[in-house]
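Remarks on the overall topology
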Amino acid sequence: QVQLVESGGGLVQAGGSLRLSCAASGRTFSMYAMGWFRQAPGKEREFVAAISCSRDRTYYADSVKGRFFISRDNARNTVWLQLNSLKAEDTAVYSCAARLFCDSLPTVPSGYTYWGQGTQVTVSS
């Protein structure tokens, strides 16, 4: 089992940047593919980005491609999401998720086993 704790959210003006962190417990972090999702009020949870166990593959939603960047450090049990050129429509609760396999990078929530509590990102226009 792994526990995930996000941090780094906040209020930022449009065009600004934020860096979200997701710290994982346990000694097997390198065995989990990691993803970030977001959920805005009244909307379904939406895939944002994912990274493979060994960092050799990443995948992004079209809406964030070229603006957001996912990375991880297995020695530090941490995955990050760099958010650049933020827009008002990026406002949401951002959650990290862990998948106990290194075989794929799912873009649906059911592809992940463990979830953090989320961190709020609010972009003012």
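Refer to the structure above for everything that follows.
**Topic: the nonpolar core**
Of all hydrophobic cores here, the largest spans 39 residues; its most connected members are Leu 4, Met 34, Trp 36, Leu 81 and Tyr 94. Taken together, the elements giving at least two residues each to this core come down to strand S3 (18–24), strand S4 (33–39), strand S5 (46–51), strand S7 (68–73), strand S8 (78–83), strand S9 (92–99) and strand S11 (119–124).

**Considering the state of the cysteines**
In total, this model carries two disulfides according to the counting rule given. Cys 22 shares a disulfide with Cys 96; S-S distance 2.0 Å. Linking Cys 22 and Cys 96, the disulfide has an S-S dihedral of approximately 55° and is accordingly described as right-handed. Within this pair, whereas Cys 22 is found in strand S3, its partner Cys 96 is found in strand S9, the two being separated by 74 residues in sequence. With relative accessibility at 0%, the residue Cys 96 sits in the buried group. Paired through a disulfide, Cys 53 and Cys 102 show a sulfur-sulfur distance of 1.9 Å. On the sign convention where negative is left-handed, the bridge of Cys 53 and Cys 102, at about -100° about the S-S bond, is left-handed. With Cys 53 in the loop between S5 and strand S6 (58–60) and Cys 102 in the loop between S9 and strand S10 (114–115), the pair connects residues that are 49 residues apart, well separated along the chain. Relative accessible area serves as the criterion here: at 39%, Cys 102 is assigned to the partly exposed category.

The rules behind the values
Residues numbered from 1 in each chain as written. Predicted model: local features only at pLDDT ≥ 70, side-chain atom pairs only at ≥ 80, totals over all residues. Heavy atoms only, no water. Core = buried A, V, L, I, M, F, W, Y, C linked by side-chain atoms within 4.5 Å. Buried < 20%, exposed > 50% of the residue type's maximum accessible area, 1.4 Å probe, protein only. Helix = DSSP H or I, 4+ residues; strand = E, 2+ residues; numbered from the N terminus. Disulfide = S-S within 2.5 Å.

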